[in-house]
Amino acid sequence: MLKRKYEALQQILREMKSVVVAFSGGVDSTFLLKAAVDTLGAQHVLAVTADAEAYPTSELEEAKRLAALIGVRHEVIEAPAQQQTDDAAPMKIQCYFCKSSLFEQLISQLEQRGFSNIVYGVVADDSNQHRPGMQAAKARGIRGPLLEAELQKQDIRELSKQFELPTWNKPSFACL
């Protein structure tokens, strides 16, 4: 079953031909980046990390290290400044607009560099939750190949361990 899901992921990536990966250095995006490089070749993949106020410097440094380990070009872009708010509803709205802004920056990278798709590390488990970032991605045609291949978080961890990725047991980290 896991092998079939991974093969489905590879087929999805092959159909895309080239990708810009929204790369946080977390479990899911690291696995997606590795799978994209292994499937398409490093010349057809660009990892882009947003340097955001809510993104710790240590995570940014880890993302740089992981991209180098995988052997892919990696760029860091500035994320929009976040506004502070006290209740949950505005945070959801803030998440949507922050992701929208980040995806817009990735779209400009795609257009400038001649890549055919932008992808991010959403997984099947995420589809059961209210995720404003998923709505922002969908509105801009940003794809989630892990979700499309029906890979769940546990699948990603298991495959990451098989591929000897150091993130296989990394704790989850949400920006808000």
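An unreviewed UniProt entry lists the protein under the name 7-cyano-7-deazaguanine synthase, with Paenibacillus septentrionalis as the source organism.

Novice: Teacher, can you tell me more about the packing of helix H1 (residues 2-16) against helix H7 (residues 153-162) here?
Specialist: Packed helices, taken two at a time, are described by the angle between their axes plus the distance between the axes. The geometry of H1 relative to H7 is characterised by a closest axis approach of 11 Å and an angle of 85° between their N-to-C directions. Put simply, H1 runs roughly perpendicular to H7. Contacts from Leu2, Lys5 and Tyr6 of H1 reach H7 at Asp155, Glu158, Leu159 and Gln162. Residues that form the contact of H1 with H7 fall into these classes: 3 nonpolar, 1 polar and 3 charged.

Novice: What is the right way to read the pattern of salt bridges from this model?
Specialist: Oppositely charged side chains may form a pair once their charged atoms are brought near each other. Taken as a whole and judged by the stated rule, the model has 10 salt bridges. The partner of Lys3 in a salt bridge is Glu7, with the nearest N and O atoms 3.9 Å apart. Of this pair, Lys3 and Glu7 both sit in helix H1, 4 residues apart, which is roughly one turn of the helix. Note on Lys3: relative accessible area 63%, which makes it exposed.

Novice: Can you help me understand unusual backbone geometry in this one?
Specialist: A negative phi angle is the norm for most residues apart from glycine, just as the trans form is the norm for most peptide bonds. Although it is not a glycine, Glu150 sits at a positive phi angle of roughly 65°. Relative to the helices and strands, Glu150 resides in the loop between helix H6 (145-148) and H7. Of note in the backbone geometry, Glu164 takes a positive phi value of approximately 60° without being a glycine. Summarising the element assignment, Glu164 is placed in the segment after H7.

Novice: So what exactly am I meant to see when it comes to the nonpolar core here?
Specialist: The biggest cluster of nonpolar side chains holds 38 residues, and the ones touching the most others in it are Leu9, Phe31, Val45 and Leu151. Of all the elements in the fold, those that place two or more residues in this core are H1, strand E1 (19-22), helix H2 (27-40), strand E2 (45-51), helix H3 (57-70), helix H4 (88-113) and H7. The residues contacting Leu9, other than those within four sequence positions of it, are Phe31, Leu32, Ala35, Pro145, Leu146, Ala149 and Leu151. Counting 17 residues, the second-largest nonpolar core is a separate cluster that includes Ala22, Leu106, Leu110 and Tyr120.

Novice: Please explain helix H5 (residues 132-139) as it appears in this structure.
Specialist: Side chains three or four residues apart in an α-helix point the same way, a direct result of the helix having 3.6 residues per turn. Every buried residue of H5 is listed here: Pro132, Gly133, Met134, Ala136 and Ala137. Once H5 finishes, Gly141 follows within two positions and takes phi at roughly 75°, a positive value.

Novice: Please clarify how the sheet that holds E2 should be interpreted in this entry.
Specialist: Hydrogen bonds along the backbone pair up the strands of a sheet, which may run parallel or antiparallel. Read from one edge to the other, the open sheet built from 4 strands follows the order E3-E2-E1-E4, with strand pairing classed as parallel. The outermost strands of the open sheet, each flanked by one partner alone, are strand E3 (73-78) and strand E4 (117-119). Neighbouring strand axes in the sheet, compared pairwise and without regard to direction, differ in orientation by 25° on average. Examined bridge by bridge, E1 and E4 share 3 bridges and lie parallel to one another.

Novice: Is there a simple way to think about H3 in this case?
Specialist: Counted at 1.5 Å a residue, the expected span for H3 with its 14 residues is 20 Å, and the 20 Å between its end C-alpha atoms agrees. Regarding H3, the residues found buried are Glu59, Leu60, Ala63, Leu66, Ala67 and Ile70. For H3, the angular spread of the buried residues around the axis is 125°, confining them to a single face. For H3, exposure combined with an orientation more than 90 degrees from the buried face picks out Thr57, Ser58, Ala68 and Leu69.

What counts and what doesn't
- Residues numbered from 1 in each chain as written.
- Predicted model: local features only at pLDDT ≥ 70, side-chain atom pairs only at ≥ 80, totals over all residues.
- Heavy atoms only, no water.
- Axes fitted to C-alpha atoms, helices over the stretch in contact; angles between N-to-C directions.
- Helix = DSSP H or I, 4+ residues; strand = E, 2+ residues; numbered from the N terminus.
- Parallel < 35°, antiparallel > 145°, perpendicular 65-115°, else oblique.
- Contact = heavy atoms within 4.5 Å.
- Nonpolar A, V, L, I, M, F, W, Y, C, P; charged D, E, K, R; others polar.
- Salt bridge = Lys/Arg side-chain N within 4 Å of Asp/Glu carboxyl O.
- Buried < 20%, exposed > 50% of the residue type's maximum accessible area, 1.4 Å probe, protein only.
- Core = buried A, V, L, I, M, F, W, Y, C linked by side-chain atoms within 4.5 Å.
- Pairing = 2+ DSSP bridges.
- Expected span 1.5 Å × (residues − 1).
- Arc of directions from axis to C-beta.

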